[in-house]
Amino acid sequence: MRSQSEFPEMEQLLALLNKHQDKVTVKQLCQVECKTDSFPVHLISLGNASQDKPAICFVGGVHGVERIGSQVVLSFMDSLLSRLDWDKQLQLLLEACCLVFIPIVNPSGMVLQRRANGNGVDLMRNSPSYAKGKATFMVGGQRISRRLPWYQGNKNGVMETESQAIYDFAEQHLFGRPFSLVLDCHSGFGHQDRIWFPYAKSATTAIEDIGSVYRLRQVFFESFPHQNYLFEPQTKHYVCNGDLWDYCYEQSLKRPGIFIPLTLEMGSWRWLKKNPLQVFSSLGLYHPMKPHRVQRVLRRHLVLMEFLINASYSWRVLHQTEPLKRATKLAKDKWFNDK
């Protein structure tokens, strides 16, 4: 195992698991080789695991340079587990809902300090999902070289170990539930925090559950009007091949229930604006380097994450027929009628 200075997120995760071992169920999704080391991809769950209960999964570290995503997930997990000793409301919620955490999807990328995994493959461009029409040049996925960013991997239909492990988990434990959510935490795009949802492969096609997505957006902004997120389709910015959550979503449609994967894209450009010297760091475009800014980011998304847990728990209330029909129409008018 690498030293804490080289891989602090893994050390933090292992310390949390040791501290709260009596409160969680821990599984290993896969084992990832990195030069002479080998790292597990951990799945941590708590609450009611029954398939007839709603679930929410918090994901981080898909891209190795976006360490702040893992840190946000770890910080939130630590807060929840510490509250379990006294928070009766949380205890009751967990009797009727399942919470899952995958804080470090790409350990080899984090150790090597690069976006891709140890094989040079971008795990968010690696699925069998393909753009309808032309993907955005380069950023939408490329097979020119694994030495360049956004490399999709070989065109053989076989996903990388990490991507396949995430899909297998979703297929086995999230698909088929009455309601399940994913929040995948990333950084590195724009000045403003964004919440994205599928499709990443098409700017003209709304997902079948677009009404559910709009209801989440509607209730979130009504309940917390001070929030400043942009909540929108990912294709407002680019279209891409191989998006893992597009693939998971489409496969989920073969099963009953509602599965909604969301991506939190933390706007890292404002960190660079406040500290331009970050550009000379390998992590500077994706991570706040000043300790006080890291702490601010860790606090910034607590309201969103708590809301999504409560929304999962209360999913039936949010999915009443008439409000859902209205939400579907509003969503299509807002995001797709100009296409």
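Relevant structure appears above.
Residues numbered from 1 in each chain as written. Predicted model: local features only at pLDDT ≥ 70, side-chain atom pairs only at ≥ 80, totals over all residues. Heavy atoms only, no water.

## A few points about the nonpolar core
No. 1: Among the nonpolar cores identified, the biggest contains 93 residues, and Phe58, Leu99, Phe101, Ile102, Leu183 and Leu262 are the most heavily contacted of them.
No. 2: Considering each element in turn, this core owes the most residues, eight residues, to helix H2 (residues 67–83).
No. 3: Residues within four places of Leu183 in sequence aside, it is in contact with Cys57, Phe58, Val59, Leu262, Thr263, Leu264, Leu304, Met305 and Leu308.
No. 4: Among the nonpolar cores identified, the runner-up in size contains five residues, and Val139, Ala200, Tyr238 and Cys240 belong to it. (Core = buried A, V, L, I, M, F, W, Y, C linked by side-chain atoms within 4.5 Å. Buried < 20%, exposed > 50% of the residue type's maximum accessible area, 1.4 Å probe, protein only. Helix = DSSP H or I, 4+ residues; strand = E, 2+ residues; numbered from the N terminus. Contact = heavy atoms within 4.5 Å.)

## Overview of unusual backbone geometry
Negative phi is the rule for most residues except glycine; trans is the rule for most peptide bonds.
No. 1: In this chain, Pro198 is followed by Tyr199 through a cis amide linkage whose omega measures 10 degrees.
No. 2: Within the secondary structure layout, Tyr199 lies in the loop between strand E6 (194–197) and helix H6 (210–223).
No. 3: You will see that Lys35, though not glycine, has its phi angle at about 55 degrees, which is positive.
No. 4: Positionally, Lys35 belongs in the loop between strand E1 (25–34) and strand E2 (37–47).

## Description of the layout of surface pockets
No. 1: As a volume, the second largest pocket reaches approximately 230 Å³.
No. 2: If you trace the second largest pocket, you find 16 residues lining it, with Lys27, Ser45, Ala49, Cys98 and Val100 closest to the centre.
No. 3: Counting residues per element, the ones that place at least two in the lining of the second largest pocket are E1, E2, strand E4 (98–102) and helix H5 (161–173).
No. 4: With four residues, E2 is the largest single contributor of residues to the lining of the second largest pocket.
No. 5: The residue inventory of the lining of the second largest pocket, partitioned by class, reads eight nonpolar, five polar and three charged. (1 Å grid on protein atoms, 1.4 Å probe; cavity = no way out; pocket = protein on both sides within 12 Å on 5 of 7 lines; lining within 4 Å. Points joined across faces, edges and corners; volume = space filled by probe spheres on them. Nonpolar A, V, L, I, M, F, W, Y, C, P; charged D, E, K, R; others polar.)

## Notes on the packing of aromatic side chains
No. 1: The full count for this structure, using the stated rule, is 18 aromatic pairs.
No. 2: Ring centres 5.4 Å apart and planes at 70 degrees place the aromatic pair Phe7 and Phe39 in the edge-to-face group. Placement of the pair is Phe7 in the segment before helix H1 (8–19) and Phe39 in strand E2, with a sequence separation of 32 residues. Like Phe39, Phe7 is buried.
No. 3: Through successive ring pairs, a cluster of aromatic residues spans Phe197, Tyr214, Phe220, Phe221, Phe224, Tyr229, Phe231, Phe307 and Trp335.
No. 4: Taking NZ or CZ as reference, Lys201 lies 5.0 Å from the ring centre of Tyr199, over its face. (Phe/Tyr/Trp six-rings, centres within 6.5 Å; stacked < 30°, edge-to-face > 60°. Lys NZ or Arg CZ within 6 Å of the ring centre and 35° of its normal.)

## So, helix H7 (residues 244–252)
No. 1: Within H7, eight of the nine residues are buried, which leaves it mostly tucked inside the rest of the structure.
No. 2: Taken residue by residue, H7 has Leu244, Trp245, Asp246, Tyr247, Cys248, Tyr249, Gln251 and Ser252 as its buried positions.
No. 3: Packing partners of the buried residues in H7 comprise strand E3 (55–60), H5, strand E5 (179–187) and strand E8 (258–266).
No. 4: A side-chain oxygen of the first residue of H7 lies 3.1 Å from the backbone nitrogen of Trp245; this N-cap is Asp243. (Polar contact = N/O pair within 3.5 Å; in protein donor to acceptor, adjacent residues only side chain to side chain.)

## Re the pattern of salt bridges
No. 1: Under the defined criterion, the tally for this structure stands at twelve salt bridges.
No. 2: Note that Arg83 is salt-bridged to Asp87, the shortest N-O span being 3.1 Å. Accessibility assignment for this pair places Arg83 and Asp87 in one class, buried.
No. 3: Lys201 is the partner of Glu250 in a salt bridge, and the nearest nitrogen-oxygen pair spans 2.6 Å. Remark: Lys201 occurs in the loop between E6 and H6 and Glu250 occurs in helix H7; sequence separation between them is 49 residues.
No. 4: Looking at Glu250, the relative accessible area reads 27%, which means it is partly exposed. (Salt bridge = Lys/Arg side-chain N within 4 Å of Asp/Glu carboxyl O.)

## Description of the pairing of E5
No. 1: Extensive coverage of E5 is indicated by the burial of nine of its nine residues.
No. 2: Neither face of E5 is left uncovered, since the one carrying Phe179, Leu181, Leu183, Cys185 and Ser187 and the one carrying Ser180, Val182, Asp184 and His186 both have all their residues buried.
No. 3: As paired elements, E3 and E5 share six bridges and run parallel to each other. Note on E5: the bridge partner recorded for Phe58 is Leu183. (Pairing = 2+ DSSP bridges.)

## A word on the packing of H1 against H2
No. 1: For the pair H1 and H2, interaxial distance at closest approach is 10 Å and the crossing angle is 15 degrees. It follows that H1 is roughly parallel to H2 by the angle criterion. At the point where H1 passes H2, the crossing takes the left-handed sense. Touching Pro8, Glu9, Gln12, Leu13, Leu16 and Lys19 of H1 are Arg67, Ser70, Gln71, Leu74, Ser75, Met77, Asp78 and Ser82, all from H2.
No. 2: Among the residues forming the contact of H1 with H2, the class breakdown is five nonpolar, five polar and four charged. (Axes fitted to C-alpha atoms, helices over the stretch in contact; angles between N-to-C directions. Parallel < 35°, antiparallel > 145°, perpendicular 65-115°, else oblique. Left-handed = near helix turned anticlockwise from the far one by under 90°.)

## A look at the packing of H6 against helix H12 (residues 321–335)
No. 1: H12 packs onto H6 with a crossing angle of 90 degrees between their chain directions and a minimal axis gap of 7 Å. When the axis of H6 is compared with that of H12, the two are roughly perpendicular. Residues Ile210, Gly211, Ser212, Tyr214, Arg215, Arg217 and Gln218 of H6 lie in contact with H12, whose contacting residues are Pro323, Leu324, Ala327, Thr328, Leu330, Ala331, Lys332, Lys334 and Trp335.
No. 2: Looking at side-chain class alone, the contact of H6 with H12 contains eight nonpolar, four polar and four charged residues.

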